[in-house]
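# Working through the structure, step by step
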Amino acid sequence: MTSVLALDLGTQTGWSLWHHGQVTSGTLSFKNDRYQGGGMRYLRFARWLDEVKDLTDSLGEVYFEEVRRHLGVDAAHVYGGFLATLTAWCERQAIPYQGVSVGTIKHHATGKGNASKQDVLASVKAKGCQPHDENEADALALLEWVLSQELQQRIMNLRHMEHSN
């Protein structure tokens with residue numbers, strides 16, 4: 001499996017990376033200071049994506065938490081900017097990308113599609129991870145969902161091969 005990047009997009013972006021069988025994760029702040037224009041956060045985000053791609057050598061897929069409802073207009077605009085930056089970057093790099101609904105991630109992590117951020121954080125910690133905040137926990141939960149889907153696909157392929165023989 002090639003490297004997989006999972007993202008919880010926002011001013012405080014959570015990320016997790018599956019690379020050479022290891023998981024690395026963290027958060028990044030893309031908050032602008034008062035001397036920066038509104039687009040600087042997106043340029044810094046795109047630069048960070050370039051760095052991840054350069055470090056991994058084999059970034060094969062990108063997944064992001066697909067948010068349908070935001071707490072406010074500003075949050076929706078910021079998310080839209082990150083989403084546009086991410087999808088355009090992936091298209092330029094010819095890297096497949098996919099959004100995964102918040103409910104799907106929460107259900108996978110906790111068994112409840114309407115779980116709170118604290119429930120997801122507790123679930124991720126119970127599995128041995130030590131995320132710094134809910135954003136990193138969401139990215140880790142998303143990566144776990146991605147890896148479980150990959151495993152399920154491999155099992156289905158093996159079963160198909162067994163029945164074909």
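Use the structure listed above.
Notes on the structure follow.

When you go through the protein chain residue by residue, the secondary structure sums to five helices and five strands. The helix and strand sequence of the protein chain, counted from the amino end, reads β-β-β-α-β-α-β-α-α-α. Since a compact globule built from 165 residues should have a radius of gyration of about 15 Å, the 17 Å found for the protein chain is in line with a globular shape. Along the longest, intermediate and shortest principal axes, the C-alpha atoms of the protein chain span 65 × 35 × 25 Å. Looking at the protein chain as a whole, 39% of its 165 residues are labelled buried.

Pairing in this open sheet of five strands is mixed, and the strands run 3-2-1-4-5 from one edge to the other. If you trace the sheet from one side to the other, it starts and ends with strand 3 (22-29) and strand 5 (97-101), each paired once. The mean angle between the axes of side-by-side strands here comes to 20°, regardless of whether they run parallel or antiparallel. Packing of helix 1 (residues 40-56) onto the sheet brings it into contact with strand 1 (3-8), strand 2 (12-19), strand 3 and strand 4 (59-66), and relative to strand 1 it is tilted by some 155°. Each of strand 1, strand 2, strand 4 and strand 5 is contacted by helix 2 (residues 73-93), which is oriented at about 160° to strand 4, the strand it contacts most.

Bringing the pattern of salt bridges into the picture now. Enumeration over the complete set of coordinates arrives at three salt bridges. Two residues, aspartate 119 and lysine 112, come together in a salt bridge whose shortest N-O distance is 3.5 Å. Exposure remark for aspartate 119: the relative accessible area of 30% places this residue in the partly exposed category. Judged by its relative accessible area of 43%, lysine 112 is partly exposed. Across the pair aspartate 138 and lysine 117 runs a salt bridge, and its minimum N-O distance is 2.6 Å. In this pair, aspartate 138 sits in helix 5 (residues 134-164) while lysine 117 sits in helix 4 (residues 117-126), placing the two residues 21 residues apart along the sequence.

Moving on, we get to the packing of helix 3 (residues 102-110) against helix 4. Helix 4 packs onto helix 3 with a crossing angle of 45° between their chain directions and a minimal axis gap of 9 Å. Relative to helix 4, helix 3 is oriented oblique. Crossing angle aside, the handedness with which helix 3 passes helix 4 is left-handed. Of helix 4, the residues touching helix 3 (which contributes Lys106, Ala109 and Thr110) are Asp119, Val120 and Ser123. Of the residues assigned to the contact of helix 3 with helix 4, the class counts are two nonpolar, two polar and two charged.

Basis of the calculations
Residues numbered from 1 in each chain as written. Predicted model: local features only at pLDDT ≥ 70, side-chain atom pairs only at ≥ 80, totals over all residues. Heavy atoms only, no water. Helix = DSSP H or I, 4+ residues; strand = E, 2+ residues; numbered from the N terminus. Rg over C-alpha atoms; globule rule 2.2 N^0.38 Å. Buried < 20%, exposed > 50% of the residue type's maximum accessible area, 1.4 Å probe, protein only. Pairing = 2+ DSSP bridges. Axes fitted to C-alpha atoms, helices over the stretch in contact; angles between N-to-C directions. Contact = heavy atoms within 4.5 Å. Salt bridge = Lys/Arg side-chain N within 4 Å of Asp/Glu carboxyl O. Parallel < 35°, antiparallel > 145°, perpendicular 65-115°, else oblique. Left-handed = near helix turned anticlockwise from the far one by under 90°. Nonpolar A, V, L, I, M, F, W, Y, C, P; charged D, E, K, R; others polar.

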